[in-house]
Structures are given as C-alpha cells and as structure tokens.
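Spelled out, the chains give:
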Amino acid sequence: MTRLQASAVEARLGDRQVLWGVDLDVAPGEVLALVGPNGSGKTTLLRTCYRALSVSGGAILLDNDDIHSMRRRDVARTIGVSSQEPVAFGGVTVRESVRLGRSVQRGWFEPFRSEDDAVVESVLARVSLTAHADRDVATLSGGERQRVSIARALAQKPEVLLLDEPTNHLDLRHQLGVLEMLRELAADGLAVLVTLHDMRLAAEYCDRMAVLHAGHVVDVGTPENVLTPELLGEVFGVRGVLRSVEGRRVLDLLGLVHE
Ligand SMILES: Nc1ncnc2c1ncn2[C@@H]1O[C@H](COP(=O)(O)OP(=O)(O)OP(=O)(O)O)[C@@H](O)[C@H]1O
C-alpha cells in the first residue's frame, strides 16, 4: 500500500502563485478530506498530486519517490483520479468509459482478459450503474456521470485515490453511498484524498481533514480538533458547532458570522 505526501508544494497558475508551502500526508487506510473556501487551491493541489500540473517548488511523493522522477505509467497505475473533467464526449458507453480505467492498469496494448471484465462489472455494480452500462455517457445526468468518473478510477484498482468533489450533482442517497464506499476502500488499505465543499459530510466521513485557505494549509487533524468555532468563523465566515450524535459527528451550521 502506498502513502501520498505533498512536501512544501508551491504551484502557479498563469502568473499567480496559488499554493504556498503545502505539506500533506495521506496514509494508507485513511480518508483525508481537503476543505477550504472557493478559490483556496483545492483542485490545484489535487492536480499537482496526479501530475496534471507541475509544482513550482517542493515535491509530491509516493512512498518517498518524487512523482516527477517516476515513470508516468507507474504514477497512473498507482493513483486513481475522479476529477471535475468530463468523463467522455459522446459516442462512448458507460461500460467503455469504465473500461478505460482497466486499460491504465493493464497497459493500452494488452488484450483484455475475463478478470478485467469482472472488475469492470463489479465497479459498475458498486456505484449502481449496471442498469446504465450500455448507455452513451453523453445522455447521462450529472450525478450519473459523476459516478462513471468514480467507477473508472476504481476500475484501475489504485492504491491512492484522489477525488475532486465526488458528491457534486449526487442526490442524498448517492452522496452517502459514495462516502460510505470511500470508507470501505480506506479500510481495504487505500489512501484516499477527497475535496469536499460540504463540511457536514467531510466532518462525518473523514478520518482527518486539511483546511486550505488562500493556498496555505492552515490546519490538519481530526474534525474534532480542526472544526473549532474559531476556524469556522475565520476561514469560512460561518458559525458552527461540531457535536456527537449516536457516535457520529454532526456539524451544525448556525448562520453567517456578522462583523
Ligand atoms: N488559469 C488560471 N490563471 C490564474 N489563476 C487561476 C487559474 N485557474 C484558477 N486560478 C485561480 O487559482 C485559485 C485556486 O483555484 P482552485 O480551482 O484550485 O480552487 P478551489 O479551492 O478548488 O476552488 P473551488 O472551491 O471554487 O472549486 C483561484 O483563486 C482561481 O481563481
């Protein structure tokens, strides 16, 4: 199993520096939620982690190996990604789109085997897409496409899983379904890094959370340690209280902070 680390990561977009000295450590077996206000750099940090964006300082490490010194293919095999980018343009079925995840693992020119088909069918079932497997992805709803993107990442059987807002567009049942699934994957030993806007879901389902604010990590730790009224006020401009109900964390939001 593989550990993902960001070490003093700096990143630029155009002529703007967007990440400043970011340190992060995602261990096998944990779900780490990356939270922060709009524009704080969450997507940018995720993109540096899978080499979609080069760092301008520091490094992204997979078990102490800098991903920029690794073969691109080894990085792609280790890290599964569900990003905000479209899963496919028209003319590709759900099943074909998910099979692409298998090809990353198997190699593009290797023939498909029956075990690859079994993996594809099992991840389709896991995200409730079996009934839609033969549909063109262009005809799917936003939530169904979101699940295709997650299924494709899972088909890869990655050791590190990165997800950018995986609950976007999902109805309540599927939001909880995806987050329960991330917990199961972590229990299987994956290192899971997930950006989430919904702080209530982040609080309930993650092991630890990292808070980004204007490109800086301002806090990392358990939700109990991080989600203090002070932090919620200073970083998010809201009032809130974290409590425990039947052993689950519940974040109550109590409105905006008024100066
Ligand atoms: N091409 C670009 N050139 C310059 N700045 C950019 C570019 N793309 C994004 N940015 C800026 O970089 C910052 C970080 O963006 P990023 O998308 O990583 O934030 P985020 O935390 O994921 O935001 P959100 O919660 O809104 O999805 C933002 O201020 C954004 O405006």
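In the block above lies the structure referred to throughout.
What counts as what
Residues numbered from 1 in each chain as written. Predicted model: local features only at pLDDT ≥ 70, side-chain atom pairs only at ≥ 80, totals over all residues. Heavy atoms only, no water. Pairing = 2+ DSSP bridges. Helix = DSSP H or I, 4+ residues; strand = E, 2+ residues; numbered from the N terminus. Axes fitted to C-alpha atoms, helices over the stretch in contact; angles between N-to-C directions. Contact = heavy atoms within 4.5 Å. Near = heavy atom within 4 Å. Polar contact = N/O pair within 3.5 Å; in protein donor to acceptor, adjacent residues only side chain to side chain. Areas by Shrake-Rupley, 256 points an atom, 1.4 Å probe, with all protein chains shown as cover. Buried < 20%, exposed > 50% of the residue type's maximum accessible area, 1.4 Å probe, protein only. Expected span 1.5 Å × (residues − 1). Left-handed = near helix turned anticlockwise from the far one by under 90°. Nonpolar A, V, L, I, M, F, W, Y, C, P; charged D, E, K, R; others polar.

Caption draft 1: The arrangement of the sheet that holds strand β8 (residues 191–195) in detail. Across the sheet, which stays open at both edges, the six strands sit in the order β6-β7-β8-β3-β9-β10 with mixed pairing between neighbours. Where the open sheet ends on each side, the last strands, each with one partner, are β6 (79–82) and β10 (216–221). Strand-to-strand twist in this sheet, taken as the mean axis angle between neighbours without regard to direction, amounts to 15 degrees. As paired strands, strand β3 (residues 31–35) and β8 are joined by four bridges and run parallel to one another. Opposite L34, over in β8, you have T195 as the bridge partner. Running over the sheet, helix α5 (residues 142–155) touches β6 and β7 (160–164) and is turned about 175 degrees from β6.

Caption draft 2: The site of the ligand, seen in detail. Taken together, L13, R16, V18, P37, N38, G39, S40, G41, K42, T43, T44 and H197 make up the full set of residues adjacent to the ligand. Between the ligand and the protein, one listed contact pairs an oxygen atom with a side-chain N or O atom of T43 at 2.9 Å. One of the side-chain nitrogen or oxygen atoms of H197 is found 2.8 Å away from an oxygen atom of the ligand. In isolation the ligand offers 650 Å² of accessible surface; the protein chains occlude 62% of this area. Breaking the shell around the ligand down by element, the ones donating at least two residues are β2 (16–26) and α1 (42–49).

Caption draft 3: Examining the environment of E246 more closely. Structurally, E246 is set in the loop between β11 (238–245) and β12 (248–256). According to the relative accessible area criterion, E246 is exposed, its value standing at 80%.

Caption draft 4: Spotlight on α5. Its 14 residues place the ends of α5 20 Å apart at the C-alpha level, agreeing with the 20 Å of an ideal helix rising 1.5 Å per residue. Counting buried residues in α5 gives eleven out of 14 residues, a clear majority hidden from the surface. G143, E144, Q146, R147, V148, S149, I150, A151, A153, L154 and A155 are the residues of α5 that are buried. Phi turns positive, to about 50 degrees, at K157, one or two residues after α5.

Caption draft 5: Focus on the packing of helix α3 (residues 94–106) against α5. Running from N to C, α3 and α5 point in directions that differ by 35 degrees, and their axes come no closer than 6 Å. Both α3 and α5 take part in a crossing whose hand is right-handed. Here V94, S97, V98, L100, G101 and R102 of α3 lie close against α5, whose contacting residues are V148, A151, R152 and A155. Of the residues assigned to the contact of α3 with α5, the class counts are six nonpolar, two polar and two charged.

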